[in-house]
Amino acid sequence: MKLRLICSICMLAVFISTAIAQELTVFDRWHKTDQLIRDRKIDPDDARDSIEIYVKEGVQNFKMRDIPGTKRSEWVFPMSGYTWTSYRTGGKDYKDERFDYFQGGEFKGHPAHDIFILDKDSNSVEDSTGMPVYATAMVTGIVLSTYGTWFRQDYLRSGNYVKLFDPESKAIFYYSHLDSVTVQVGQLVKAGEPVGTVGRTGRKAIHGKTHIHIAYYKIDEGQPVPEDIIEDLYAAQRRFEKK
């Protein structure tokens, strides 16, 4: 009788575990894997294999929504609500020589661009408008990972961040040092819609100027590879400011 009861409990546990696993979307699973990568708690080869699967499933998931992707010539500038911007070192801050995505939260180099807003008192509010500046989706995509609970004693270099999967180019847009995150994992975000507000969160950024850190990682066989998008940023900003 006891043995039968134990077997029944084990079968129930397996059934519940399977049911829970089936409820997780591809982006829920991707988010969990990305957290393990961030914290360096997963083997890089295992992570690559997983990401390769997530990309295929993510593209399929997006196609089912019957919404067009965003062509590179139509990328949107990653901020809105600002009156002035400045690029770190004139847009020459991109450095990817020592970077590897699987270095996690303590990655080397600076394979991205920092864009500052007008905020002399460093309160993450635009001086001219008295309002936050929004970090906006450069493309129509799906949120694959977020972190929005950064605090001053937090070790994370990135602070609050959002990672957006672009099914059109099979890549990741990475927004960090955000003051707040306004999207959730698995959420569809259209190009130009907000994903958070620009800030200065992060272990080092908290002592600096308010800005957005924007990176683009093209996924090649499960390996997110950084790409310099400064010309795309300039072009997107010109289109945005002509409106």
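Residues numbered from 1 in each chain as written. Predicted model: local features only at pLDDT ≥ 70, side-chain atom pairs only at ≥ 80, totals over all residues. Heavy atoms only, no water.

> How do you make sense of the overall build of the chain when you look at a structure like this?
Of the regular secondary structure elements, the chain holds four helices and 11 strands. Referenced to the eigenvectors of the C-alpha coordinate spread, the extents of the chain come out at roughly 75 × 40 × 35 Å. The proportion of buried residues among the 243 residues of the chain is 47%. Across the chain, the fraction of contacts at a sequence separation of at least 24, relative to all contacts at a separation of at least 6, is 70%. (Helix = DSSP H or I, 4+ residues; strand = E, 2+ residues; numbered from the N terminus. Buried < 20%, exposed > 50% of the residue type's maximum accessible area, 1.4 Å probe, protein only. Contact = heavy atoms within 4.5 Å.)

> Explain the nonpolar core here, please?
As a rule of thumb, soluble globular proteins bury nonpolar side chains together. Met79, Met138, Phe173 and Tyr175 are the most contacted members of the largest nonpolar core, which totals 30 residues. Take this core: its biggest share by element is four residues, from strand 7 (residues 171-181). Counting residues in each nonpolar core, the second largest holds 28 residues, with Ile51, Val59, Leu144 and Tyr161 among its members. (Core = buried A, V, L, I, M, F, W, Y, C linked by side-chain atoms within 4.5 Å.)

> I tried to follow the side chain of Ser169 on my own but got confused; where do I start?
Inspection of the secondary structure puts Ser169 in the loop between strand 6 (160-166) and strand 7. For Ser169, a relative accessible area of 13% translates into the label buried. A polar side-chain atom of Ser169 sits 2.9 Å from a polar atom in the side chain of Tyr216. When neighbours within four sequence positions are excluded, Ser169 is seen to be in contact with Tyr216 and Lys218. (Polar contact = N/O pair within 3.5 Å; in protein donor to acceptor, adjacent residues only side chain to side chain.)

> I tried to follow a negative patch on the surface on my own but got confused; where do I start?
Taken together, the side chains of Asp43, Asp46, Asp49, Glu52, Asp220 and Glu221 make up a negatively charged region of the molecular surface. The element contributing the most residues to the negative patch is helix 3 (residues 44-64), with three residues. Mapped onto the elements of the fold, Asp43 is located in the loop between helix 2 (26-38) and helix 3. (Patch = residues over 30% accessible without salt bridge, like charges linked within 9 Å, V, L, I, M, F, W, Y side chains within 5 Å. Areas by Shrake-Rupley, 256 points an atom, 1.4 Å probe, with all protein chains shown as cover. Salt bridge = Lys/Arg side-chain N within 4 Å of Asp/Glu carboxyl O. Lys, Arg positive; Asp, Glu negative; His and termini not counted. Charge placed at Lys NZ, Arg CZ, Asp CG, Glu CD.)

> What is the right way to look at helix 4 (residues 230-242) in this model?
Because each turn of an α-helix spans 3.6 residues, side chains separated by three or four positions end up pointing in the same direction. An ideal rise of 1.5 Å per residue puts 18 Å on 13 residues; helix 4 measures up with 19 Å between its terminal C-alpha atoms. Within helix 4, the full set of buried residues consists of Ile230, Asp232, Leu233, Ala235, Ala236 and Gln237. (Expected span 1.5 Å × (residues − 1).)

> Just to check I follow, could you spell out unusual backbone geometry for this structure?
A negative phi angle is the norm for most residues apart from glycine, just as the trans form is the norm for most peptide bonds. Phi angles above zero are rare outside glycine, and Ser124 is one such case at about 60°. By secondary structure assignment, the location of Ser124 is in the loop between strand 3 (113-117) and strand 4 (134-136). On the basis of relative accessible area, Ser124 is assigned to the buried category, the value being 8%. The phi angle at Glu221 is positive, at roughly 50°, despite the residue not being glycine. On the secondary structure map, Glu221 appears in the loop between strand 10 (211-220) and strand 11 (223-226). The class of Glu221 is exposed, set by a relative accessible area of 64%.

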